[in-house]
Structure formats: structure tokens, C-alpha cells
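Residue-level listing of the chains:
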2 protein chains.
Amino acid sequence: MKKQILFWSMMSWMVSVGLPSFAQTVEDFKPSEVNQPGKLYPQVNSERKVRVQISAPEAKVVQLDLGGVKYDLTKDEKGVWTGESAPQQEGFHYYQLNVDGAAVPDPGTIYFYGAGRWGSGIEVPAHDADFYALKDVPHGLLSEMNYYSNLTKAWRRCFVYTPAGYGDNKDKRYPVLYLQHGSFEDETGWGRQGKTNLILDNLIAAGKAVPMLVVMDNGYATKPGEKSPFAASIFEEVLMNEVIPMIDAKFRTLSGREDRAIAGLSMGANQTMHIAMNNPGHFAYYGGFSGTSNYPSTEPLDATTFLNGKFKDAKAVNAQFKVFFLGLGTAEPHPFPGVVKAFRQMMDKQGIKYVYYESPDTAHEWLTWRRALNEFAPLLFK
Amino acid sequence: MKKQILFWSMMSWMVSVGLPSFAQTVEDFKPSEVNQPGKLYPQVNSERKVRVQISAPEAKVVQLDLGGVKYDLTKDEKGVWTGESAPQQEGFHYYQLNVDGAAVPDPGTIYFYGAGRWGSGIEVPAHDADFYALKDVPHGLLSEMNYYSNLTKAWRRCFVYTPAGYGDNKDKRYPVLYLQHGSFEDETGWGRQGKTNLILDNLIAAGKAVPMLVVMDNGYATKPGEKSPFAASIFEEVLMNEVIPMIDAKFRTLSGREDRAIAGLSMGANQTMHIAMNNPGHFAYYGGFSGTSNYPSTEPLDATTFLNGKFKDAKAVNAQFKVFFLGLGTAEPHPFPGVVKAFRQMMDKQGIKYVYYESPDTAHEWLTWRRALNEFAPLLFK
């Protein structure tokens, strides 16, 4: 009996990951939508396999390194190496090539900052990609802003999304969502991999979300002189004392607590939960995508001690937040499901209201976060 | 005698390119300023040599491919390859690595679009780098804007620099400079490699240039259905009929001819000269950096026939342009010096006024164009 269960679970696994040795590959590969102009590779097929190709006539071993698995490529008589991965989940994935032991970006793709480096990425077309597609609707601007931080004694950068019409409606003021990336990512993530501008353009055009600004800063901030990005973070101080006042001064914002939301993914969810709970006078909306502040623990939480008892008084927390939002992909790896579950159990036990969204069949990756933003943004400022 | 000349010319060449076999390398290498966060390589020393390093334990041959020369790296016992180039000219250079025949980006640098691909770049610190340094002055915004082009039936993108204060001075309107990249580059070039925002921030803060918008579009535009980027260009139509009206509608611009300038580098210089001459009612300022519309010919020009006689009537041309600017690096390769010289000789013969700027010791590269912009922008809209 046990053997039979093992057999069927292995069969099901082999079907789902589509081991190349057992399955024929469907030859309907198309160039990835994040390829460099004119580049034919990498490609993705209808099984969601990724095929890469690179010329390396003198190489001995060339591999595709994707999703923690290294796939050997094979060389043709001209020295061109080709090969493909097992089927991938829908959405965006970071990857790299290995050429005789050198880990390098694929020269076929544009590049993204994630996993601690600028490197290659691939889009496995999602069945619901329409919500972040570039469509014939009014488009906002995504603006890059340099600023000097006195707290870190360093130049920093943020990106600011201003919705369509911001330039025309000279007397209109707008609410603001502060939106943070995850660990080993930076302020470029939500604008590039995250498609924030397109998601907001589409939601606003459809009348589903109110026009708002979105500010995306870098979640790594340390005291002057600290060399390690893992030194004690002063991001909360930078955001509260430097970024928010600067945005309120330079843009036509509404600056009341009910006009300001804060959200983040993974590390950013953890950071922004701290910030929202420490500054109840500043935020009436919170979004935590694939992360909560009990990370990485999956143990039950005691509301009297967790975050210094910030969730102890359910009535106060319910009054503080117009929306408290949590999101998670159903295919996320340990410890994320357990972490978020423990947090939700505490919330349920306390009787604190929250909205919970699950992204079907996505892992700890950007399609989860695009979808979470698409669910969260319509709830804001209403 | 011939032999002696050959000997001295070879000696002079060896001194100027600093063959490693003849020269000791000065060990004062520092990480390049366009490295990825935390990456120690590539590095540049005081001789302007570029040193790269990559781990590739199984590789047989690893090379640095920079400035048209391939430099062999050497491997240590851990499989890490290191090596350096001959001295380079000051400024920005595109390059790549070759690992057993695979041409790949260096995983140490951030990436730039040029030479027809997103790839590695290096900054060899320029002695005059202060004019494009990130300094404690008010900073403008660099904004990314998606737009649908009916003429090309495609989504296109431009970047718009708005100066510091644009957001505050709600009733102030601004003149506009349209600024174009070169061949095998795109709309990202002037904002990244070109440092346009920092050059303008610094000039405006110093009172040397008037606050202006700068619009950077993609110079490749073809009719719907054309697959090749080398098909007949309709960039002039896109710029005149789509981009300029859109910018004038979405931003607080001044839209008279004396409030509009157009400039470009190399291919962009050629394109924008055509556009300026074809639309005298729209532009009172022209800048051509490292290029003129007689490219690639170095033959004498006949003003009665060149560009359909657009330079025939000197009085009209002198009345049309408040500033007609030409820039060139003194180290540019053939045919650029001859092309620009032939154009200037025609201008001189016709008695047409122009400003001529030479960038010392720079080739057909971005330091030439940063300097040209730094000279050109202060002449505008005064």
C-alpha cells in the first residue's frame, strides 16, 4: 500500500515537473517577452519549459541554472549549445547560465535586480497576464528620483509612480502607497519585475482603483560607515523622517493617515508591518505579501508579546486599519506558508479583521506579488 | 629611412597603448563606479587600465573584449581568471567577456544598452567628471513614459527629464530639448550612459543653463509590419506628429520655435539635422554631436544640392537658428573627423554661423557626448 502511494505520488510529480527523459517536448517555443531586442533565445513553450541557447564553441559544459536546478545543454557541430528546463510555474523567474564553471547572465535577456545581482530573468506567460499587460489605457509615469539621506550619509534613489492625469490636474492631490521589495532586491523591483505602473494604469483606467501615487524605495538602509547590508536597518527612520516628508513636499499628495498606505513583499512585508504598527498615526492601510513579522518562525504567536504587544488590543488595531491585507502563493516553499499561517491564527484568535488573498499555483515569486498588488490596490483610499 | 619611420611609429603606438609586455602595471586599481553593489571587479587603475576577474574553473580560454581588442586572462589555482587591458581613454566604454568562445556580460557590472545589446560597461574616471557628478544640488526627475504610436502601430517609450522645481511651480512653463541617441543604442542611453539628468541638474543649479525639459526617445521607428530596424525610418514623422504634440499636452511646455531645441549624437545628429532643417518653424536650436547628415562621406559638400539645398540660403539658415552647434572628440576614428570637417567647410564657405566644440582626447564615446551636452545646454533658450 505504502509502495503504491509512493508510486502514484512519484508519477504525479513526474507529470507535474515533466522530466525530459519521460516526456516529449512540445515544439511550440516562442521567444520570451523579456528578451533583448532581436534576440530569439531564451524561449518558452506551452508546457512552460524554458529553452536557452548560446554559442560557446570551446566550452566543455554549459548549463541552464533555473529554479535551483542545473540543466545540461548539448552542443551542435557549430559550437552552439541548446537545452531546456523542466516545466516552470507561471510568472517571472531569475536564472543564469554556467559556462565551464562561470556563472554569467544570459546575453539573450534584459536584466533585473534580484537574488543579489543584476542578471537574467524569464517570463513564463501567465494565463491571467492581462491585468499587467501594456494596454491602450491612459498611462502614468514612473520617475526616478535621487535624494541625499542625512541619516545614512549617502545618496539613495526611489521610484515614484504618478497616475495618468497627474500632470493635467494641477490642483488635485493624491493618496500615496509606499511599496517595498524583498531581500536581495532593490528599488527597481516593483517597477520592472513587479509591473506596478501597468497594474495601476489598468486598475485606474477600469475604475477599480482610485488614482494614487506609489513610492518604491530601497529597503536597505544602515547607519553611516556600516559596510554590511546586514547591519542594523534604519530603513524605518529613513522612510518616516526623510522619504515621506520629501514626497509630501515634492508631489501633490494627501498627507492624512487615511490617505497613506504601506505594503511590501517578503522582507518588505516584515519591515512595513513594523513600520505600520510603530506609526499608527501615519498609515490606515497595510499590505503584507508573502511575509509577516514573525518570519522565519512558524510557532504559534502570543499577541501579548509579539512585536511588543502591538496586536494585543484588537479594538485598537481594528480601528487603526481600514484594510489589513495578507497575500500568499499556494506554491510557496517552507517557511512562508507556516509563518503566515501562525500570524493569521494569532489575528483570528484576537479577532482582528484582515483580508487574505491566495495566489493559485505561484511560489515566492513575482507573479504572486503582482497578483497581490492587483487585489490590494482596489481596496485603498475608499 | 622608411624603416626608421616605421620603428618610431611603432614605438609611439606601443607607448600610447601601453603594451603590458613593456610596462609595469601600477597596482592602484579601484572598483569601477558602475559595478553592481558589493562587486569588487572590474577595476580601473591610475594608468586607465581595466582589470577584470571571473571564476571559471573549467574554462580553457577567458578574455576581456574591450575597445576592439581581446586580452587573455590568466587562471589561478582556484580557477579564478584575472587580467587587464591596455590603458583606455577617459570615459565610458562598452565591453564583454569571452569564456571558451561564449561572449557574455561581465557579472560584475550593471548593464547598458549599446552596441546593439544590453551588456557591460566601464567608467574610466575622467579628470573633469565633476560636471556629471551626483552632487548636493536640487535634482530633477527622470521619468519613463509608455506611449502607443499609431504611425508604427507599436508601443514605444521615451524618457523625460523635468528639472528641480517643476513640481512646485505649477504655473511655470518650460522650454524643451529633444535629445537623440546613436546607432545600436536606444532611449535609455542619454539617461544612463549620458548622465543627462546630472549634467542638467548641475548646470541649472549653477545658473549656467535655464531650467528645461529634455525628452529622449527611440530613434528607431519603422512602418507597421517592417521587421528590420534598418527599414526606411519614419522617426521624423513619429517625433513631429506624435511625440512633440504628446509632450506639449502632458507637460507644461513652452511650444514656440524659440523654446524648442533638437540635438543628437552620431546617427542621432544626422537624424536631428534632417528634422531641424525640414521643420524650420519648430526648432531654433540644433546640436550635432559627432555626426552630420553627410555621413559617412568625407567629400566636399555642395550647398546647392546637399540636403536638397537646405543650406543654400545662408541668410535664411542664420535667421532660423539662434544656435547651430557641432561637437567632436579629438580622438574619434575615421570617418567622423572627415565627415564633420567637410560639413564645416561647407558652412564656412556659405557663411553660416555655428559653434564648434572639440572634446580633448575622447573618441566616438559617451564622454565626448556628455561634454558636448554640457557645452550645448548653457547656450539654449537665452
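Residues numbered from 1 in each chain as written. Chains lettered and ligands numbered in written order. Predicted model: local features only at pLDDT ≥ 70, side-chain atom pairs only at ≥ 80, totals over all residues. Heavy atoms only, no water.

Caption draft 1: Expanded view of the overall build of chain A. Scanning chain A from terminus to terminus reveals seven helices and 19 strands. In summary, chain A has a C-alpha radius of gyration of 22 Å against a globular reference of 21 Å for 382 residues, a match within 12%. Expressed as lengths along the three principal axes of its C-alpha atoms, the size of chain A is roughly 65 × 55 × 45 Å. Counting the 382 residues in chain A, one finds 56% classified as buried. Partitioning the contacts of chain A with sequence separation of at least 6, the portion at a separation of at least 24 is 70%. Here chain A has roughly 16200 Å² of accessible surface; of this, 54% comes from carbon and sulfur atoms. Looking at chain A, you have 39 positive and 41 negative side-chain charges, and the mean spots of the two groups are 4 Å apart. (Helix = DSSP H or I, 4+ residues; strand = E, 2+ residues; numbered from the N terminus. Rg over C-alpha atoms; globule rule 2.2 N^0.38 Å. Buried < 20%, exposed > 50% of the residue type's maximum accessible area, 1.4 Å probe, protein only. Contact = heavy atoms within 4.5 Å. Areas by Shrake-Rupley, 256 points an atom, 1.4 Å probe, with all protein chains shown as cover. Lys, Arg positive; Asp, Glu negative; His and termini not counted. Charge placed at Lys NZ, Arg CZ, Asp CG, Glu CD.)

Caption draft 2: Representation of the interface of chain B and chain A. Of the residues lining the interface, 45 residues belong to chain B; the matching set on chain A comes to 45 residues. Carbon and sulfur atoms supply 58% of the area buried between chain B and chain A, which totals about 3600 Å² over both sides. If you sort the residues of chain B by the area they bury against chain A, B:Trp118, B:Trp155 and B:Lys170 come out on top, with a joint share of 15%. Here chain B and chain A share two salt bridges between them. In this structure, A:Lys170 engages B:Asp171 in a salt bridge whose closest nitrogen and oxygen atoms are separated by 3.0 Å. For the pair chain B and chain A, the number of links is 14 residue pairs in polar contact (both at pLDDT 80 or more). (Buried area = accessible area lost by both parts, 1.4 Å probe. Salt bridge = Lys/Arg side-chain N within 4 Å of Asp/Glu carboxyl O. Polar contact = N/O pair within 3.5 Å; in protein donor to acceptor, adjacent residues only side chain to side chain.)

Caption draft 3: Structural context of the domain arrangement of chain A. Residues and elements named next belong to chain A. When its domains are assigned, chain A resolves into domain 1 (28–125) and domain 2 (130–379). Here the C-alpha centre of domain 2 lies 31 Å away from the C-alpha centre of domain 1. Tallying the contact residues gives 16 residues for domain 1 and 16 residues for domain 2. With both chains or domains summed, domain 1 and domain 2 bury close to 1200 Å², and 46% of this area falls on carbon and sulfur atoms. Among the residues domain 1 hides against domain 2, the three largest losses belong to Gln-89, Phe-92 and Tyr-113. Together they make up 36% of the total. Where domain 1 touches domain 2, the interface holds two salt bridges. As a salt-bridge pair, Arg-370 and Glu-123 come within 2.4 Å of each other at their nearest N and O atoms. (Domains from an automatic or database assignment.)

Caption draft 4: Representation of a positive patch on the surface within the structure. On the surface, a cluster of positive charge is contributed by A:Lys60, A:Lys75, B:Lys60 and B:Lys75. Note on placement: A:Lys75 falls in strand β6 (residues 74–75). (Patch = residues over 30% accessible without salt bridge, like charges linked within 9 Å, V, L, I, M, F, W, Y side chains within 5 Å.)

Caption draft 5: Summary view of the sheet that holds β6(A). Residues and elements named next belong to chain A. Read from one edge of the open sheet, five strands run β1-β2-β3-β7-β6, paired in antiparallel fashion. The sheet terminates laterally at β1 (30–31) and β6, the two strands that pair on one side only. The pairing of strand β2 (residues 43–44) with strand β3 (residues 50–55) spans two bridges and is classified as antiparallel. When the bridges of β3 are listed, Gln-43 appears paired with Arg-51. (Pairing = 2+ DSSP bridges.)

Caption draft 6: The side chain of A:Asn197, seen in detail. Within the secondary structure, A:Asn197 sits in helix α2 (residues 196–205). Setting aside residues up to four positions removed in sequence, A:Asn197 forms contacts with A:Leu142, A:Tyr161, A:Gly191 and B:Asn146.

Caption draft 7: Structural detail: helix α3 (residues 235–250) of chain B. At B:Val243, α3(B) shows its maximal bend, which comes to roughly 30°, and the proline B:Pro245 appears one to four places after that position. Three or more residues of α3(B) are buried, namely B:Phe235, B:Val238, B:Leu239, B:Met240, B:Glu242, B:Val243, B:Ile244, B:Met246 and B:Ile247. (Bend = angle between axes of the 7 residues up to and from the residue.)

Caption draft 8: Representation of the pattern of salt bridges within the structure. Residue and element names in this part refer to chain A. Under the criterion given, the structure shown has 26 salt bridges over all chains. For the salt bridge of Arg-157 with Glu-144, the shortest nitrogen-to-oxygen distance reads 3.2 Å. With Arg-157 in strand β13 (residues 154–162) and Glu-144 in strand β12 (residues 141–149), this pair connects stretches of sequence that are 13 residues apart. Judged by its relative accessible area of 23%, Arg-157 falls in the partly exposed class. Ionic contacts of the salt-bridge type, sharing partners, join the residues Glu-27, Arg-51 and Glu-84 into one network.

Caption draft 9: Seen up close, the packing of aromatic side chains. Within the structure shown, the criterion is met by 45 aromatic pairs over all chains. Here A:Phe289 and A:Phe376 contribute two aromatic rings whose centre-to-centre distance is 5.8 Å and whose plane-to-plane angle is 80°, an arrangement assigned as edge-to-face. Pair noted here: A:Phe289 is in strand β17 (residues 285–289) and A:Phe376 is in helix α7 (residues 366–376), with a separation of 87 residues, a long-range link. The exposure class assigned to A:Phe376 is buried, which follows from its relative accessible area of 0%. Centroid distance B:Phe306 to B:Phe343: 6.0 Å. Interplanar angle 70°. Geometry classified as edge-to-face. Of this pair, B:Phe306 sits in the loop between β17 (285–289) and α5 (314–320) while B:Phe343 sits in helix α6 (residues 336–350), and the two are 37 residues apart along the sequence. Accessibility classification places B:Phe306 together with B:Phe343 in one group, the buried group. Among the aromatic residues, ring-to-ring pairing joins A:Trp190, A:Phe289, A:Phe325, A:Trp366, A:Trp369 and A:Phe376 into one connected group. Positioned above the aromatic ring of A:Tyr356 is the side chain of A:Arg344, whose terminal nitrogen or guanidinium carbon lies 3.6 Å from the ring centre. (Phe/Tyr/Trp six-rings, centres within 6.5 Å; stacked < 30°, edge-to-face > 60°. Lys NZ or Arg CZ within 6 Å of the ring centre and 35° of its normal.)

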